[in-house]
Amino acid sequence: MPLRTSWSQGAGLRVPILNAPMGGVAGGRLAAAVTAAGGLGMIGMGSTATAASLATELAALGTAPRFGIGLVDWVIRDQPDLLEAALAAGPTLLSVSFGVNLSWVQRAHGAGIAAATQVYDAETARRARDAGVDVLVARGAEGGGHGAIRLATLPLLDAVLEVVEVPVLAAGGIAGPRSLAAVLAAGAAGAWLGTVLSACPEALTGEGARRALIAATGTDTITTRVFDVGQRLDWPAWFPSRVLRNDFTGRWAGHEDALAADRDARSELAAAIADGDQRLAPVDAGQSVGMLTDSRPVAVVIDELCSGAQRLLARWA
């Protein structure tokens, strides 16, 4: 019997897997690979996204029969043409997170597109449900990249499932068959995978960042705002980012005000990002990063996760 949930079966997916729409990582090629593996591939448009960069990744998507797009709320407030371009692309699912204005949901529904958003506690889950969001993503504090630090994935999943009836995807710390089986057994409609796919060859991840991810252990991450401050990105303070520790976090974590005023440090960071120097440049990573041992194709990773989880669920039944 294939690994599936009621939601994934109804959505026409062979496996209950979506990739997190990670900006700078989840491009069209990664999304196409996830869809080809039986899940729903998501193109991620991060904090520096534009309508033009979305067009580039849509071209890389090719002829994938289904796909999703993930956007950052405060970015589309500044660039409304990005939301327009996303709606015009006709994705299966539109995810917009990191904001409180949910008026975009009706825009998505008006275009015949299902809506998703990340939630971090019971209150944000209720608010999203009341706004008509079709699928909630319960993003635990273990997850890589930006997110509110409220609850770990399993306690969050319990809290959200207690108060809503819409499908809930689990995100954060899912990188092996056991963690996938655990969230499905707990009632998740599917898994929203980030770090475990970020080292795949189909990802936009640079080679230096890929090597850093593979070399890292689960205790090598830190939740911080230093890279947002250092790049002058407008991320709200309550959405810090979980990243790999490096020389830059070691120097500036806890000293964000000084960093904001240090032009030389900001220039040093910009140069490191341009050069792919991971001693200083950011690499988003969740606490599951220690599970990464090499760079394997998306299809191999998803097959291993799903076949292993299926065996575990059958054993636990």
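Rules used throughout
Each residue is numbered by its place in its chain's sequence as written, counting from 1. Totals for whole chains, interfaces and linings use all residues, but because this is a predicted model, local features are given only for residues with pLDDT of at least 70 and pairs of side-chain atoms are given and counted only at 80 or more. Side-chain measures here rest on the full set of heavy atoms in the structure, leaving out hydrogens and waters. In short, DSSP must find at least two bridges between two strands for them to pair. Every helix listed is a DSSP run of H or I at least four residues long, and every strand listed is a run of E at least two residues long, numbered separately from the N terminus. Every axis in this analysis is a line fitted to C-alpha atoms, fitted for helices over the stretch in contact. Angles between the N-to-C directions lie between 0 and 180 degrees. Contacts were defined at the residue level, with two residues in contact if any of their heavy atoms lie within 4.5 Å. Domain delimitation follows an automatic or database domain assignment. Here the buried area means the combined drop in accessible surface, using a 1.4 Å probe, for two parts upon being joined, counting both sides. Salt bridges are defined by distance alone: a side-chain nitrogen of Lys or Arg within 4 Å of a carboxyl oxygen of Asp or Glu. Asp, Glu, Lys and Arg are counted as charged, while Ala, Val, Leu, Ile, Met, Phe, Trp, Tyr, Cys and Pro are counted as nonpolar; the rest, among them Gly, fall into the polar class. Exposure categories follow from relative accessible area, calculated using a 1.4 Å probe and restricted to protein chains: below 20% of the type maximum is buried, above 50% is exposed, and the middle band is partly exposed.

Chemist: Looking at this model, I keep getting lost on the sheet that holds strand E5 (residues 114–119). Mind explaining?
Modeler: As a general point, the strands of a sheet are linked pairwise by backbone hydrogen bonds and lie either parallel or antiparallel. Read across the open sheet, the eight strands follow the order E1-E9-E8-E6-E5-E4-E3-E2; overall the sheet is parallel. What marks the edges here is a single partner per strand, and that holds for strand E1 (17–19) and strand E2 (42–44). This sheet shows a mean twist of 25° between the axes of neighbouring strands, independent of strand direction. Pairing of E2 with strand E3 (residues 68–72), which is carried by three bridges, proceeds in the parallel orientation. Counterpart to isoleucine 43 in the pairing with E3 is isoleucine 69. Lying over the sheet, helix H2 (residues 28–36) contacts E1 and E2, oriented at roughly 175° with respect to E1.

Chemist: Would you explain the domain arrangement of the chain in this entry?
Modeler: Think of interface size as the accessible area that goes away when the parts come together; that is how it is often given. Domain boundaries assigned for the chain yield domain 1 (6–205 + 292–314) and domain 2 (207–284). Centre-to-centre, using C-alpha coordinates, domain 1 lies 24 Å away from domain 2. Opposite the 26 residues of domain 1 that make contact, domain 2 presents 17 residues. Between domain 1 and domain 2 lies a buried interface of about 1,700 Å² when both sides are counted; carbon and sulfur atoms form 62% of it. Applying the counting rule to domain 1 against domain 2 returns zero salt bridges. The residue makeup of the side of domain 1 that touches domain 2, split by class, is 12 nonpolar, 12 polar and two charged.

Chemist: I keep staring at the sheet that holds strand E11 (residues 241–244) and nothing clicks. Help me out?
Modeler: Taken together, three strands build an open sheet; the order of strands is E7-E11-E10 and the sheet is antiparallel. Since the sheet does not close on itself, it has two edges, and those belong to strand E7 (145–146) and strand E10 (221–224), each with one partner. When E7 meets E11, the two strands line up antiparallel, connected through two bridges. Each bridged residue has a counterpart across the sheet, and for glycine 145 the counterpart in E11 is arginine 242.

Chemist: Would you mind going over the pairing of E11 with me for this structure?
Modeler: The side chains of a regular strand alternate, first on one face of the sheet and then on the other. Across four bridges, E10 lies against E11 in antiparallel orientation. Considered in E11, the bridge of threonine 221 is made with leucine 244.

Chemist: Would you take a moment to explain the environment of alanine 285 for this structure?
Modeler: Summarising the element assignment, alanine 285 is placed in the loop between helix H15 (263–275) and helix H16 (298–316). With relative accessibility at 0%, the residue alanine 285 sits in the buried group. Expressed as a C-alpha distance, the spacing of alanine 285 and leucine 213, which sit 72 residues apart in the sequence, is 7.3 Å.

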